[in-house]
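Understanding the architecture of this molecule
Residue-level listing of the chains:
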Amino acid sequence: MEKLLSIIFIYILVDNFVLQRFFGICPFLGVSRKMETAMGMSMAVVFVMALATLVTWLFYTHVLVPLRLEYLQIVAFILVIASLVQLVETVLRKISPTLYQGLGIFLPLITTNCAVLAVALLAVQNEFTLVEAVVFGIAASIGFSIALIIMAGIRERLELAKVPGALQGTAVTLITAGILSLAFMGFRGMLSL
């Protein structure tokens, strides 16, 4: 139980995938303009990351390892992730067309989001058990979501602020992301596996 709590704390705050490892920067910067789309993307990423970690771990352990095809893990994991993203896209289109339209091109980009692939690969590489792998996937996706939602909140506030002309747009976004990353670095050294 202690290891599971460590995994949760570490991958939400200490080793945040976006702010410390810099995985998933494209959707982080692209979808963080509005809180509504950030929340929708967060839910989609949590679902895809958790399910992808579960399915890829099972596939790796019960198919690739027994057949000695471990070298195919990246290709297999990408196929699993792409399938899961298609599932999420179809469900969102039916359940919430507004959110589907708001996410736009960024929803299919979850397929190429290196954070999702990294979670699947790191779960296998770190030799997590099935439960640890799923907790790891959920914690990493929650960390991604927290970073995305914080950034969306800051960017919405920045639209109302008087930002110097040279810093408007991408410049202030990148500066904000850097400051946010520095803030999360304050958790470094608190806990490790």
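Residues numbered from 1 in each chain as written. Predicted model: local features only at pLDDT ≥ 70, side-chain atom pairs only at ≥ 80, totals over all residues. Heavy atoms only, no water.

Counting its regular elements, the protein contains eight helices and zero strands. Counted from the first residue to the last, the protein has its helices and strands arranged as α-α-α-α-α-α-α-α. The globule rule puts the C-alpha radius of gyration for 193 residues at 16 Å, and the 17 Å found for the protein is close to it. Each principal axis of the C-alpha atoms in the protein carries an extent, and together these give about 60 × 45 × 25 Å. Residues counted as buried form 45% of the 193 residues belonging to the protein. Accessible surface, the protein as shown: approximately 10000 Å² in total, 69% of it carbon and sulfur. The centroid of the 11 positive side-chain charges in the protein is displaced by 9 Å from the centroid of its 9 negative side-chain charges. (Helix = DSSP H or I, 4+ residues; strand = E, 2+ residues; numbered from the N terminus. Rg over C-alpha atoms; globule rule 2.2 N^0.38 Å. Buried < 20%, exposed > 50% of the residue type's maximum accessible area, 1.4 Å probe, protein only. Areas by Shrake-Rupley, 256 points an atom, 1.4 Å probe, with all protein chains shown as cover. Lys, Arg positive; Asp, Glu negative; His and termini not counted. Charge placed at Lys NZ, Arg CZ, Asp CG, Glu CD.)

Right, let's get into the nonpolar core. Ranked by size, the top nonpolar core spans 58 residues in total, and within it Phe 17, Phe 28, Leu 107, Ile 110 and Phe 136 carry the most contacts. Only helix 1 (2-14), helix 3 (35-64), helix 4 (73-95), helix 5 (97-103), helix 6 (114-125), helix 7 (130-160) and helix 8 (170-184) provide two or more residues apiece to this core. With residues up to four places along the chain from it excluded, the contact list for Phe 28 reads Val 18, Leu 19, Ala 147, Leu 148, Met 151, Ala 177 and Leu 180. (Core = buried A, V, L, I, M, F, W, Y, C linked by side-chain atoms within 4.5 Å. Contact = heavy atoms within 4.5 Å.)

Attention now moves to unusual backbone geometry. Look at Phe 22: it is not a glycine, yet its phi comes out positive at around 60°. Among the structural elements, Phe 22 can be located in the loop between helix 1 and helix 2 (25-30). Phi at Arg 68 takes a positive value of approximately 55°, unusual for a residue other than glycine. The residue Arg 68 is located in the loop between helix 3 and helix 4 in this model.

Moving on to the packing of helix 7 against helix 8. Following both chains from N to C, one finds helix 7 and helix 8 inclined at 135°, their axes separated by 11 Å at the closest point. Judged by the inter-axis angle, helix 7 sits oblique to helix 8. Pair helix 7 / helix 8 crosses with right-handed handedness. Contacts from Ile 146, Ala 147, Ile 150, Met 151, Ile 154, Arg 155 and Leu 158 in helix 7 reach Val 172, Thr 173, Thr 176, Ala 177, Leu 180 and Phe 184 in helix 8. Of the residues that constitute the contact of helix 7 with helix 8, the class distribution is ten nonpolar, two polar and one charged. (Axes fitted to C-alpha atoms, helices over the stretch in contact; angles between N-to-C directions. Parallel < 35°, antiparallel > 145°, perpendicular 65-115°, else oblique. Left-handed = near helix turned anticlockwise from the far one by under 90°. Nonpolar A, V, L, I, M, F, W, Y, C, P; charged D, E, K, R; others polar.)

Take the environment of Leu 87 next. The topology assignment puts Leu 87 in helix 4. Sequence-wise, Leu 87 and Phe 128 are 41 residues apart; in three dimensions their C-alpha atoms are separated by 26 Å.

Time to look at the pattern of salt bridges. Applying the stated rule across the entire model yields four salt bridges. Here Glu 132 ties to Lys 3 by a salt bridge, and the two come within 3.6 Å at their closest N and O atoms. A residue pair is termed long-range when its members are at least 10 positions apart, and Glu 132 in helix 7 and Lys 3 in helix 1 qualify at 129 residues. Each member of the salt-bridge network shares a partner with another, and the members are Asp 15, Arg 21 and Arg 188. (Salt bridge = Lys/Arg side-chain N within 4 Å of Asp/Glu carboxyl O.)

Worth remembering: the numbers are spatial, not functional.
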